[in-house]
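# Coordinates in review
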Amino acid sequence: MSTQVAPDVRSRVLSAPQRVGVKLFVEDQEAFDRARMIEVFHRWIQEDRLPGTLVDVHDYTHVQEGPGVLLIAHEWHLRTDEAGGRIGLEYEMKREASGTLSERLGEAVASLLEAAAALEQDTAGDNPVRFVTREMVFRFTDRLAVPATDAAFEEVTPELEKVLAGLYGDAPVEFERVGHARGPLTLHMRVVGEGEWTLEELVSGARSAAG
Amino acid sequence: MGVEQQNPMTTNGSGQAPEPRAWKARLGSRLGEKLSREIDSFEGQIEQKRAGKLTDEVFAEMRLRRGVYGQRYDNGQRHDGVSSRELVFPNAELTKGPGTLWDAPGMVRIKNPFGALTADQMDVLAEVSEEYADGILHVTTRQDIQLHFVHLEETPDLMRRLGVVGITTHEACGNAVRNVTACHLSGVCTTQTFDVTPYAAAVSDFLLGHPDAQEFGRKVKPAFSGCADRPCGLVKMHDIGGIARVREVDGVERRGFEFYVGGGLGAVPHQAELFDEFLPEEELLPICQSISRVFARLGEKDVRSRARLKFLVAKLGIEEFRRLVLEDRAGLTEDSRWTAFLDDVHKGHDGPLWQIEKKRDKLTPSPQLEAWLGTSVTQQRQPGYKVVMIYLPLGDITADQIRGLADVARRFTGDAVRMTVEQNLAFRWVRESDLSALHEALEELALADPRAETLTDITACPGTDTCKLGISSSRGLARTLMDHLETRGEELDEVVRGLRIKISGCFNSCGQHHMADIGFWGVSRKRNGYNVPHFQVVLGGQWAENAGSYGLAIVAVPGRNIPAATDRIIQYYVDEREGDEGFKAFVTRVGKASLRTLLQDLTEVPAYEQDRSFYSNWGDPREFTLGDMGVGECAGQIVSPVEFGLQASEREIFSAQDRLDQGDFNGAADIAYGAMLIAARTLAREKEIGLGEDPEAVVAAFKTHLFDPGLFHDPFAGGKFGNYLFRVHRERKNGFEATPSRARQRIEEAQLFIEAAHSYHVRTAETVSV
Ligand code: HEM
Ligand code: SF4
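Just so it is clear, the model here is predicted, and its values are computed rather than measured. (Residues numbered from 1 in each chain as written. Chains lettered and ligands numbered in written order. Predicted model: local features only at pLDDT ≥ 70, side-chain atom pairs only at ≥ 80, totals over all residues. Heavy atoms only, no water.)

## Here's the deal with the nonpolar core
Judged by nonpolar contacts, the single largest core of 66 residues is most densely connected at Leu78(A), Leu113(A), Met136(A) and Tyr168(A). Among the elements that take part in this core, helix H2 (residues 101-122) of chain A stands out by supplying 12 residues, more than any other. Sequence-distant contacts of Met136(A), defined by excluding residues within four places in its chain, comprise Val22(A), Lys23(A), Leu24(A), Val109(A), Leu113(A), Leu164(A), Leu167(A), Tyr168(A), Leu187(A), His188(A) and Met189(A). Formed by 61 residues, the second largest nonpolar core is a distinct cluster that contains Val139(B), Leu162(B), Leu405(B) and Leu447(B). (Core = buried A, V, L, I, M, F, W, Y, C linked by side-chain atoms within 4.5 Å. Buried < 20%, exposed > 50% of the residue type's maximum accessible area, 1.4 Å probe, protein only. Helix = DSSP H or I, 4+ residues; strand = E, 2+ residues; numbered from the N terminus. Contact = heavy atoms within 4.5 Å.)

What follows is the structure, encoded as structure tokens:
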């Protein structure tokens with residue numbers, strides 16, 4: 001049910017965001033080859049590798065701790081994000097989202113994992129890109145729906161836990177609020193419980209949870 | 001990373017539920033009433049367009065005036081490297097301009113008079129860039145900021161949020177008075193006559209939305225400079241420009257401006273003409289108003305490529321233009337705003353923003369700090385303070401970085417900073433004692449690169465990355481060159497480290513390549529049956545003296561070979577310069593011919609099978625195509641292919657003139673002939689779509705479709721200009737030996753032929769433009 005029509009709506013801070021970013025970190029930071037990403041992303045456009053209207057590739061690798069290489073689609077942006085000096089892959093849902101807050105979160109997580117899996121697959125031969133599967137960063141780049149406040153943090157974490165249960169089962173996760181206070185609400189998630197998950201396992205968990 | 005203090009000026013939520021679910025309601029009265037109404041009206045127009053109640057042309061002009069531009073591929077077509085593909089957007093049928101799809105990502109230009117930015121503005125810019133754009137703010141060569149990949153429907157909220165901190169996008173684009181620029185050092189500069197900031201602000205406020213400045217055929221770009229010698233204001237390449245001057249009148253020191261009009265870059269660059277040696281300060285606004293009125297009344301409206309003020313000034317001559325402006329000025333109704341701002345100017349003080357503390361922070365030496373102090377810190381006119389330059393690679397900065405910089409600005413500059421025309425940021429009023437701490441703070445934000453205003457601080461226009469007119473990838477080349485020169489680092493001779501490189505993706509010169517020591521602009525050349533991205537090499541432009549003169553076009557080199565060409569040019573200068581000869585003087589002395597010889601072998605393009613990289617742009621693995629170019633909509637109307645062709649022919653005239661100056665008379669005559677052919681072909685192709693480049697076929701088609709039916713005939717001169725083409729074509733076939741005077745004559749005839757082509761286009765514009 002939508003959080004917006006829940007009986008306690010007036011006391012709630014959040015509504016369903018149009019935009020939300022989810023990031024996975026790359027395992028081997030040193031070996032990550034930025035220039036190669038430009039080729040991969042151009043090929044993805046040729047092959048329609050991901051769902052959506054894929055528009056263009058944009059190179060920001062000259063910007064330190066910037067968005068790296070960006071694949072722009074009408075519905076989302078995908079970047080080899082270098083924020084905080086740690087390279088990863090960030091999927092940011094930009095528009096055309098529908099459903100409740102947790103449905104949208106689920107969709108964003110599943111889309112990121114699929115893109116990450118595609119990247120692992122397409123680089124499998126030489127210098128493969130691999131992702132850390134026990135950490136994620138969530139960035140709520142829609143302050144109207146999810147303001148960067150403690151109250152929003154309190155409300156959003158249970159929603160995220162629900163989504164992540166589909167991936168990590170019972171393994172507990174913890175959230176830390178990171179970044180600048182005037183930045184978007186940004187949460188660093190770590191799995192604290194035991195267990196190892198492959199990207200493929202996470203993808204299928206996310207997809208079945210997102211329906 | 002800790003969570004720091006909340007700042008009240010952001011548009012973040014307060015956290016106290018319930019929050020309104022729309023920005024308009026949430027921001028409420030924080031947005032001024034006038035601006036609020038203006039943005040509501042734009043939102044209404046978006047709705048009307050959606051409902052089919054506005055035409056594409058009208059709506060395009062409406063959004064451009066608000067700084068909402070199109071971007072590459074917004075016609076829904078993109079070549080993916082294998083084939084041209086349609087971009088299928090949800091609102092596939094809806095358009096936001098002629099041939100411009102509703103959902104296609106666009107650009108928003110934000111206008112910041114003289115490039116000033118407050119910390120609060122930086123905070124909100126960070127927010128809007130990460131929410132509505134791609135998380136990057138791009139500082140332009142005219143002290144504006146651009147956001148890319150923005151959706152039309154999100155622009156009203158974006159504008160509202162910016163409005164809260166006093167930023168407008170109004171008249172950032174369109175046929176209007178654009179951002180008023182000024183040297184980033186004004187107020188703190190050691191060589192300034194006086195601080196031009198309040199004058200730039202007054203012109204900006206006065207002309208924004210002024211009824212006399214709404215009916216232009218094209219944009220007007222004003223600029224101010226505090227002194228004549230340094231480049232920061234670039235007055236002489238602007239439509240309207242003032243250099244600060246003082247003069248003693250009846251024993252009293254009076255302020256005024258050495259005032260220029262009619263400069264501009266673009267396809268046909270013009271140096272501005274001197275309008276008045278000393279325009280008294282109280283006359284500044286009325287004269288700007290009268291210039292606007294004369295331009296609105298007499299400026300070209302139909303043919304975009306002739307519509308800038310520079311063409312009107314050239315056409316009338318500066319004396320006549322001045323007479324008309326002064327005549328108009330004499331008839332203006334007095335306006336209290338003309339001088340109201342002067343009270344504040346004279347009350348204003350040049351004093352420090354901070355108390356200097358006695359105790360000086362000891363600088364903890366490190367090689368990084370040393371390098372940074374050497375290149376990025378300069379003296380300020382007020383003792384004890386420094387100006388610190390912050391290098392932004394290609395003018396780009398992330399939302400996180402600018403948010404961090406807002407904190408740094410609050411801490412070290414007393415708030416405001418300025419953007420520079422070299423796409424960097426200037427921190428002013430930094431206490432000497434704070435330098436070490438500031439450096440540390442910048443290092444934390446990855447913004448302490450000591451490159452600002454050096455050889456590897458390369459300026460580039462957006463080019464093929466986002467601009468619809470881009471031919472070669474200016475940013476791709478800039479990135480490659482920066483890396484290339486950076487790896488050469490230490491081995492580069494000291495004398496070349498201060499040279500400037502500037503790159504444009506096409507002849508429009510947005511990257512200001514004409515004024516660089518080493519400039520490049522994108523062109524395409526047919527080689528081995530393929531289109532190959534090239535850059536025209538332009539050397540010896542004058543950055544100093546407010547862009548005092550433009551560079552010499554040498555030769556077009558394939559993009560792949562530009563790093564090698566740059567190395568050679570630099571080395572040639574290092575080896576051959578005489579004494580402490582500057583680069584411009586060196587280029588003039590050695591001459592174009594020797595520079596062309598130096599680069600000649602680099603103009604070769606290997607066969608496609610041998611090296612495919614030549615057939616792609618830097619940073620883009622797709623095979624090069626011109627198919628992605630669109631029609632430029634930077635100023636409201638659409639640039640038709642005819643105008644492009646005619647501009648191309650004019651550029652050739654430029655090169656012919658160059659050849660003539662060097663004494664290559666046959667070369668000059670040949671190029672002039674080529675220019676006529678381009679113009680003839682451009683017009684004839686409208687009638688015969690498949691017309692190729694064979695001169696015989698072009699002349700025949702021109703004759704059949706334009707000359708014989710009398711269409712090309714001048715109302716007064718009849719077939720005279722058309723006949724020039726036939727005669728020159730004949731002479732050329734029969735062998736033509738050029739003398740200096742015959743070469744000059746041929747250039748003049750070519751010029752007249754092209755003028756006649758423009759006139760024909762004006763006469764028929766109604767029926768032929770897109
Ligand atoms: C949508 C992309 C753009 C288009 C279609 C466009 C088009 C043009 C054209 C046609 C001119 C030549 C004007 C003339 O002299 O007649 C021009 C000049 C110029 N533009 Fe752009 N432009 C674009 C983006 C930019 C950007 C991003 C910048 C800043 C980085 C910029 C800054 C300038 C400057 C500095 C000049 C030349 C200086 C002058 O004449 O005042 N433009 N542009
Ligand atoms: S110079 Fe050409 S390619 Fe570059 S931004 Fe201007 S119009 Fe576009």
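## A word on the coordination of the iron atom of ligand 1
A lone protein donor binds the iron atom of ligand 1: Cys510(B) (SG), at 2.3 Å. Within the secondary structure, Cys510(B) sits in the loop between strand E21 (501-504) and strand E22 (518-527). (Donors = N, O, S within 2.8 Å, 3.2 Å for Na, K, Ca; no water.)

## Details of the environment of Phe520(B)
Residue and element names in this part refer to chain B. With respect to the helices, strands and loops of the structure, phenylalanine 520 is situated in strand E22. A C-alpha to C-alpha distance of 33 Å links phenylalanine 520 and valine 203, two positions 317 residues apart in sequence. Discounting residues that sit within four places of it in the chain, phenylalanine 520 has contacts with Leu477, Leu481, Ile501, Lys502, Ile503, Ser504, His513, Phe535, Gln536, Val537, Ile562 and Thr566.

## Considerations on the packing of helix H18 (residues 641-662) of chain B against helix H19 (residues 665-687) of chain B
Residue and element names in this part refer to chain B. Look at H18 against H19: their axes get within 8 Å of each other, and the N-to-C directions meet at 175°. The angle between the axes of H18 and H19 places the two elements in the roughly antiparallel class. Counted together, Pro641, Val642, Gly645, Leu646, Ala648, Ser649, Glu652, Ile653, Ser655, Ala656, Arg659 and Leu660 of H18 and Phe665, Gly667, Ala668, Ile671, Ala672, Ala675, Ile678, Ala679, Thr682, Leu683 and Glu686 of H19 form the full contact between these two elements. Residue classes in the contact of H18 with H19 are distributed as 15 nonpolar, five polar and three charged. (Axes fitted to C-alpha atoms, helices over the stretch in contact; angles between N-to-C directions. Parallel < 35°, antiparallel > 145°, perpendicular 65-115°, else oblique. Nonpolar A, V, L, I, M, F, W, Y, C, P; charged D, E, K, R; others polar.)

## Considerations on the sheet that holds strand E14 (residues 273-280) of chain B
Residues and elements named next belong to chain B. Here five strands make up an open sheet; going across it, the order is E10-E11-E12-E13-E14 and the pairing mixed. In the strand order of this sheet, the two ends are held by strand E10 (181-182) and E14, each with one partner. Two elements, E10 and strand E11 (residues 222-225), share two bridges in a ladder whose sense is parallel. Each bridged residue has a counterpart across the sheet, and for alanine 182 the counterpart in E11 is phenylalanine 224. Where helix H9 (residues 318-330) meets the sheet, it contacts strand E13 (252-261) and E14, and its direction lies at approximately 40° from that of E14. (Pairing = 2+ DSSP bridges.)

## Topic: empty space enclosed by the protein
Taking a probe equal in size to a water molecule and rolling it over the atoms shows the remaining empty space. All names here are of chain A. All told, the structure shown has nine cavities of 30 Å³ or more when counted by the stated rule. Put simply, the second largest cavity is a space of about 280 Å³. By residue number, the principal contributor to the lining of the second largest cavity is strand E2 (residues 54-60), which donates four residues. When the residues that make up the lining of the second largest cavity are grouped by side-chain class, the tally is six nonpolar, seven polar and nine charged. (1 Å grid on protein atoms, 1.4 Å probe; cavity = no way out; pocket = protein on both sides within 12 Å on 5 of 7 lines; lining within 4 Å. Points joined across faces, edges and corners; volume = space filled by probe spheres on them.)

## A closer look at the packing of aromatic side chains
Residues and elements named next belong to chain B. Scanning the entire structure with this criterion turns up 29 aromatic pairs over all chains. Their ring planes at 85° and their centres at 5.1 Å tell us that tyrosine 573 and phenylalanine 583 sit as a pair that is edge-to-face. Of this pair, tyrosine 573 sits in helix H16 (residues 562-576) while phenylalanine 583 sits in helix H17 (residues 583-599); the two residues are 10 residues apart in sequence, bridging distant segments of the chain. Using a relative accessible area of 3% as the deciding quantity, one classes tyrosine 573 as buried. Ring centres 5.3 Å apart and planes at 35° place the aromatic pair phenylalanine 712 and phenylalanine 753 in the tilted group. With a gap of 41 residues between them, phenylalanine 712 in the loop between helix H20 (695-707) and helix H21 (720-733) and phenylalanine 753 in helix H22 (residues 740-768) connect regions that are remote in the sequence. For the pair shown, phenylalanine 712 and phenylalanine 753 are each scored as buried. The positively charged end of arginine 26 is found above the aromatic ring belonging to tryptophan 23, 5.4 Å away from the centroid. Taking NZ or CZ as reference, arginine 560 lies 3.9 Å from the ring centre of tryptophan 618, over its face. (Phe/Tyr/Trp six-rings, centres within 6.5 Å; stacked < 30°, edge-to-face > 60°. Lys NZ or Arg CZ within 6 Å of the ring centre and 35° of its normal.)

## Describing the environment of Pro269(B)
Residue and element names in this part refer to chain B. Along the chain, proline 269 turns up in the loop between E13 and E14. Note: C-alpha distance between proline 269 and glycine 242 (27 residues apart in sequence) is 19 Å. When near neighbours in sequence (up to four residues on either side) are disregarded, proline 269 contacts Gly264, His514, Tyr550 and Phe654.

## Quick notes on the interface of chain B and chain A
Facing the 63 residues of chain B at the interface are 54 residues of chain A. When chain B packs against chain A, the two sides together hide about 4,900 Å² of surface, and 53% of this comes from carbon and sulfur. Residue Arg95(A) pairs with Glu154(B) through a salt bridge whose shortest N-O separation is 3.4 Å. On the surface where chain B and chain A come into contact, there are 27 residue pairs in polar contact (both at pLDDT 80 or more). Residue assignment for the side of chain B that touches chain A shows that the elements contributing at least two residues are helix H1 (23-27), helix H4 (119-132), strand E17 (396-398), helix H12 (399-412) and helix H14 (474-488) of chain B. (Buried area = accessible area lost by both parts, 1.4 Å probe. Salt bridge = Lys/Arg side-chain N within 4 Å of Asp/Glu carboxyl O. Polar contact = N/O pair within 3.5 Å; in protein donor to acceptor, adjacent residues only side chain to side chain.)

## Re the site of ligand 2
Near ligand 2 you find Cys461(B), Pro462(B), Gly463(B), Cys467(B), Leu469(B), Gly470(B), Ser504(B), Gly505(B), Cys506(B), Asn508(B), Ser509(B) and Cys510(B), and these make up its full shell. Here the shell around ligand 2 is built from residues that sort into six nonpolar, six polar and no charged. (Near = heavy atom within 4 Å.)

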